[in-house]
Amino acid sequence: MLQTLPNTDIYTVDALYHQPQLASIHLVRSNNRIAIVDTGTQYSVPQVFSALTELGLSYVDVDYIILTHIHLDHAGGARALIQLCPNAQLIVHPKGARHMADPSKLVAGANAVYGAQQFNHLYGEITPIDASRIYQPADGETVNFADHPLTFIDTPGHANHHHCIIDEQTNSIF
């Protein structure tokens with residue numbers, strides 16, 4: 001079930017990570033175009049499909065897939081979604097972009113923490129994203145998403161490859 005933030009075109013989708021309502025994916029809608037903020041895991045992709053369908057949209061209406069950071073509970077579904085969204089570009093922090101193009105170190109680190117069986121259960125197969133579909137915004141840069149400006153701010157702390165996205169139109173921060 002799709003939830004919306006009051007007086008906005010921002011929709012919250014349950015990523016179904018571990019349990020219901022533990023992690024969220026956000027859809028920002030502007031002029032019937034979509035920006036997806038965080039992807040959950042590859043197992044979250046059906047949730048995104050359902051949300052788009054509920055909005056009367058499809059994968060072709062997605063312009064951007066934006067990652068706040070590359071931890072796999074936020075970015076594990078990026079490859080699956082970019083394959084399904086033919087017009088979308090992945091937006092990721094410059095320090096995380098190389099791990100989306102070549103996730104081998106990211107996968108090895110997560111496998112070391114969880115073990116192969118649990119890793120597969122949580123995340124499935126993580127494969128590279130074509131570097132030509134990856135955009136790395138500079139700190140403070142604003143990307144125009146369907147006449148809806150989104151500003152990217154470098155915010156290391158939780159991860160050194162983390163940025164916040166400011167949506168001034170709705171007074172929201174991801």
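The paragraphs below set out a description of the structure included in this document. Since this is a predicted model, take the numbers as computed values, not measurements. (Residues numbered from 1 in each chain as written. Predicted model: local features only at pLDDT ≥ 70, side-chain atom pairs only at ≥ 80, totals over all residues. Heavy atoms only, no water.)

**Points about the overall build of the chain**
Next up, step 1: Counting its secondary structure elements, the chain contains six helices and 11 strands.
Next up, step 2: Taken over the C-alpha trace, the chain has a radius of gyration of 15 Å; the compact-globule value for 174 residues is 16 Å, and the two agree within 12%.
Next up, step 3: When the backbone C-alpha atoms are referred to their principal axes, the chain occupies close to 45 × 35 × 30 Å.
Next up, step 4: For the chain, with 174 residues in total, the buried portion stands at 51%.
Next up, step 5: Across the chain, the fraction of contacts at a sequence separation of at least 24, relative to all contacts at a separation of at least 6, is 58%.
Next up, step 6: Total accessible area computed for the chain in this model is approximately 8,400 Å², and 50% of it derives from carbon and sulfur atoms.
Next up, step 7: Looking at charge distribution, the chain has the averaged site of its 7 positive side-chain charges lying 8 Å from that of its 16 negative ones. (Helix = DSSP H or I, 4+ residues; strand = E, 2+ residues; numbered from the N terminus. Rg over C-alpha atoms; globule rule 2.2 N^0.38 Å. Buried < 20%, exposed > 50% of the residue type's maximum accessible area, 1.4 Å probe, protein only. Contact = heavy atoms within 4.5 Å. Areas by Shrake-Rupley, 256 points an atom, 1.4 Å probe, with all protein chains shown as cover. Lys, Arg positive; Asp, Glu negative; His and termini not counted. Charge placed at Lys NZ, Arg CZ, Asp CG, Glu CD.)

**Notes on the sheet that holds strand β2 (residues 10-14)**
Next up, step 1: One open sheet accounts for seven strands, arranged β1-β2-β3-β4-β5-β6-β7; its pairing is mixed. Each end of this open sheet is capped by a strand with a single partner; those strands are β1 (3-4) and β7 (134-135).
Next up, step 2: Where strand β4 (residues 33-37) and strand β5 (residues 62-66) come together, four bridges link them in parallel fashion. Within β5, the position partnered with isoleucine 36 by the bridge is isoleucine 65.
Next up, step 3: Sheet strands in contact with helix α1 (residues 45-54) are β2, β3 (24-30), β4 and β5, and its direction is about 145° off that of β2. (Pairing = 2+ DSSP bridges. Axes fitted to C-alpha atoms, helices over the stretch in contact; angles between N-to-C directions.)

**Considering the pairing of β5**
Next up, step 1: Of all five residues making up β5, five are buried, and the element is well covered by its neighbours.
Next up, step 2: A crossover connection joins β4 to the parallel β5 through α1; in handedness this β-α-β unit is right-handed. (Right-handed = clockwise from strand over helix to strand, strands pointing away.)

**Brief notes about the packing of helix α5 (residues 104-114) against helix α6 (residues 116-123)**
Next up, step 1: Where α5 contacts α6, the two axes come as close as 7 Å, and the packing angle between them is 115°. The chirality of how α5 crosses α6 is right-handed. Mapping the contact onto sequence places Val107, Ala110, Asn111 and Tyr114 in α5 and Ala116, Gln118, Phe119, Leu122 and Tyr123 in α6.
Next up, step 2: Grouping the amino acids of the contact of α5 with α6 by side-chain chemistry returns seven nonpolar, two polar and no charged. (Left-handed = near helix turned anticlockwise from the far one by under 90°. Nonpolar A, V, L, I, M, F, W, Y, C, P; charged D, E, K, R; others polar.)

**Examining the packing of aromatic side chains**
Next up, step 1: Applying the stated criterion across every chain yields a total of five aromatic pairs.
Next up, step 2: Between phenylalanine 49 and tyrosine 59, the aromatic rings sit 5.7 Å apart at their centres with planes inclined by 40°, giving tilted as the arrangement. With phenylalanine 49 in helix α1 and tyrosine 59 in the loop between α1 and β5, this pair connects stretches of sequence that are 10 residues apart.
Next up, step 3: Exposure remark for phenylalanine 49: the relative accessible area of 46% places this residue in the partly exposed category.
Next up, step 4: Feature note: the residues Tyr17, Tyr114, Phe119 and Tyr123 constitute an aromatic cluster, connected by ring pairs. (Phe/Tyr/Trp six-rings, centres within 6.5 Å; stacked < 30°, edge-to-face > 60°.)

**Some thoughts on the side chain of aspartate 167**
Next up, step 1: Of note, aspartate 167 is situated in strand β10 (residues 163-167).
Next up, step 2: Lacking a salt bridge, the buried aspartate 167 has arginine 29 as its closest oppositely charged neighbour, with an N-O distance of 13 Å.
Next up, step 3: Side-chain polar atoms of aspartate 167 contact the side chain of histidine 148, separated by 2.7 Å.
Next up, step 4: A polar contact of 2.9 Å, which involves the side chain of aspartate 167, links it to the side chain of threonine 170.
Next up, step 5: With residues near it in sequence (within four places) discarded, aspartate 167 still touches Ile10, Val28, His148, Pro149, Leu150, Ser172 and Phe174. (Salt bridge = Lys/Arg side-chain N within 4 Å of Asp/Glu carboxyl O. Polar contact = N/O pair within 3.5 Å; in protein donor to acceptor, adjacent residues only side chain to side chain.)

**A short note on the side chain of histidine 148**
Next up, step 1: Within the element layout of this structure, histidine 148 appears in strand β9 (residues 148-154).
Next up, step 2: Contacts of histidine 148, omitting those with residues within four sequence positions, involve Val28, Ser30, Val143, Asp167, Gln169 and Thr170.

Purely spatial values, then, with no claim about function.
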